[in-house]
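Listed here are the chains, written in short residue letters.
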Amino acid sequence: MADVGACLELPSFAKINWFLEVEGRRPDGYHQITTVFQTVDLHDRISFAVTSNPAIELTVAGRPLPTGKGNLLYKAVAALSERARVDSGLRMHLEKRIPVGGGLGGGSSNAAVGLLAANHLWKTGLGLEELAVLGSHLGADVPFFLSGGTALGMGRGDRIFTLPDCARNFSLVLLYPGFPISTRRAYQARDWGLFGEDAILTTDQADTKIQRFRQAVTGMGLSWLRNDFEEVLFELYPALARSSDLLKQAGCDPVMLSGSGSCLFGVADAERAESIAREVSQQTRGEVFLCHSLPRQEYRNNFALAGLELII
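To start, this report covers the structure provided alongside it. It should be emphasised that the depicted structure is a prediction, and the values quoted were computed from it without experimental measurement. (Residues numbered from 1 in each chain as written. Predicted model: local features only at pLDDT ≥ 70, side-chain atom pairs only at ≥ 80, totals over all residues. Heavy atoms only, no water.)

Thoughts on the overall build of the protein
At step 1: Counting secondary structure elements, the protein contains nine helices and eleven strands.
At step 2: Taking 20 Å as the expected radius of gyration for a compact globule of 312 residues, we find that the protein reaches 19 Å, a close match to that expectation.
At step 3: On the principal axes, the C-alpha backbone points of the protein span a range of 55 × 45 × 35 Å.
At step 4: Burial analysis of the protein (312 residues in total) assigns 54% to the buried set.
At step 5: Taking as baseline every contact in the protein between residues at least 6 positions apart, the subset at least 24 positions apart corresponds to 77%.
At step 6: Just so you have it, the protein exposes about 14000 Å², and 47% of that area is on carbon and sulfur atoms.
At step 7: Positive and negative side-chain charges in the protein, numbering 30 and 34 respectively, have mean positions lying 3 Å apart. (Helix = DSSP H or I, 4+ residues; strand = E, 2+ residues; numbered from the N terminus. Rg over C-alpha atoms; globule rule 2.2 N^0.38 Å. Buried < 20%, exposed > 50% of the residue type's maximum accessible area, 1.4 Å probe, protein only. Contact = heavy atoms within 4.5 Å. Areas by Shrake-Rupley, 256 points an atom, 1.4 Å probe, with all protein chains shown as cover. Lys, Arg positive; Asp, Glu negative; His and termini not counted. Charge placed at Lys NZ, Arg CZ, Asp CG, Glu CD.)

Quick notes on the pattern of salt bridges
At step 1: In total, this model carries twelve salt bridges according to the counting rule given.
At step 2: Between Arg45 and Glu9 there is a salt bridge, with the nearest N and O atoms lying 3.0 Å from each other. With Arg45 in strand β2 (residues 31-51) and Glu9 in strand β1 (residues 7-25), this pair connects stretches of sequence that are 36 residues apart.
At step 3: For Arg45, a relative accessible area of 31% translates into the label partly exposed.
At step 4: Exposure remark for Glu9: the relative accessible area of 43% places this residue in the partly exposed category.
At step 5: Among the ionic pairs, Glu21 bridges to Arg226, the shortest N-O distance being 3.7 Å. In this pair, Glu21 sits in strand β1 while Arg226 sits in strand β8 (residues 226-227), placing the two residues 205 residues apart along the sequence.
At step 6: Residue classification places Arg226 among the partly exposed positions, given a relative accessible area of 34%. (Salt bridge = Lys/Arg side-chain N within 4 Å of Asp/Glu carboxyl O.)

Description of the sheet that holds strand β9 (residues 255-257)
Through backbone hydrogen bonds, the strands of a sheet pair up, either in parallel or in antiparallel fashion.
At step 1: Strand order across the open sheet formed by four strands is β9-β10-β7-β11, with antiparallel pairing between neighbours. Of all the strands in the sheet, the pair left with one neighbour each is β9 and β11 (287-292). This sheet shows a mean twist of 25° between the axes of neighbouring strands, independent of strand direction.
At step 2: Where strand β7 (residues 171-176) lies against strand β10 (residues 264-268), five bridges are found, and the strand directions are antiparallel. The residue of β10 that forms the bridge with Ser171 is Ala268. (Pairing = 2+ DSSP bridges. Axes fitted to C-alpha atoms, helices over the stretch in contact; angles between N-to-C directions.)

Looking at the pairing of strand β3 (residues 56-61)
At step 1: Relative to strand β4 (residues 89-95), β3 is paired through six bridges, and the arrangement is parallel. Bridge assignment links Ala61 to a residue of β4, and that residue is Glu95.
At step 2: Where the polypeptide runs from β3 across helix α1 (residues 72-84) and back to β4, its parallel neighbour, the crossover connection is left-handed. (Right-handed = clockwise from strand over helix to strand, strands pointing away.)

Looking at α1
At step 1: For α1, spanning 13 residues, the distance from its first C-alpha to its last is 18 Å, which sits close to the expected 18 Å at 1.5 Å a residue.
At step 2: Inspection of α1 places Leu73, Tyr74, Ala76, Val77, Leu80 and Ser81 among the buried residues, and these make up the whole buried set. All buried residues of α1 project into a common sector of 165° when viewed along the axis, lining one side.
At step 3: Buried residues belonging to α1 abut β2, β3, β4, α2 (106-121) and α3 (128-136).
At step 4: Between the side-chain oxygen at the start of α1 and the backbone nitrogen of Leu73 there is a gap of 2.8 Å, and the oxygen is on Asn71.
At step 5: Residue Arg85 follows α1 closely and has a positive phi angle near 55°. (Expected span 1.5 Å × (residues − 1). Arc of directions from axis to C-beta. Polar contact = N/O pair within 3.5 Å; in protein donor to acceptor, adjacent residues only side chain to side chain.)

Let's talk about the packing of aromatic side chains
At step 1: Counting across every chain of the model gives 13 aromatic pairs.
At step 2: Seen from their ring centres, Trp18 and Phe170 are 5.1 Å apart, and the 65° between their planes marks the pair as edge-to-face. Taken together, the positions of Trp18 in strand β1 and Phe170 in the loop between β6 (159-162) and β7 put the pair 152 residues apart, joining distant regions of the chain.
At step 3: For Trp18, a relative accessible area of 0% gives the class buried.
At step 4: With 4.7 Å between their ring centres and 20° between their planes, Phe37 and Phe144 make a pair best called stacked. With Phe37 in strand β2 and Phe144 in the loop between α3 and β5 (150-154), the pair connects residues that are 107 residues apart, well separated along the chain.
At step 5: Judged by its relative accessible area of 0%, Phe144 is buried. (Phe/Tyr/Trp six-rings, centres within 6.5 Å; stacked < 30°, edge-to-face > 60°.)

Next up, the structure:
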């Protein structure tokens, strides 16, 4: 039985993609991908309070977003309420800082945090695997945010395999050019061909990929970084190419598109990161964020400090 009045305030972190390969369109209409996710410390904040009224309420500040069924956070909590047959409600307030439609996973992160918080406050007792299944129906990135850190995503990106955290923490300059790109629009921008294999990898195939990326992330180099959306989206949106050049000229190396865009990130020398971010801010109409990669243990610690232990 949930305790009416019980509350939590939690961070909801963004992500970047170190690697994103589109392998083709599957018979079910989804695209088969291989990606490496990385949480970063740029975050929203969400407060939760249990109510006796069974309604789910959501308010949003910071960026214009829907507050009902068009919001992934709302949808996630509603899905858990229906799954667990909860009698009480939840009042939520989202302080939105992560750009929308930037490929930073903000909506998916909000949904995952909503599942974790509601599961804890309502005492529904669902395990991480059950929450991941619920989350995967909302968005392919949602299961990743249940654990954070560095992880390999396969299938639609919803089959998550944890990887060792990167060999070092990275200072990152993020540049949001001021416009969103929907995931649907990015996939429609070109013909990715058909994925001719079984969408469900065998154990041996999965193990081979996991070992490949385990070695990549524990090495010190970043030569393995890749994003298949870059070429087509840079051509479609010249502002992205200009933003990439701006980050490079300011001293970032490498510079990558995150997810299906529109946000770019540049790896910066820790001692110069602040000055690089200032320089980029002065030369763009977009938004610039200085942040850092967030290892899995630090991800867990942030939730633990707020009163929620993540069992991973």
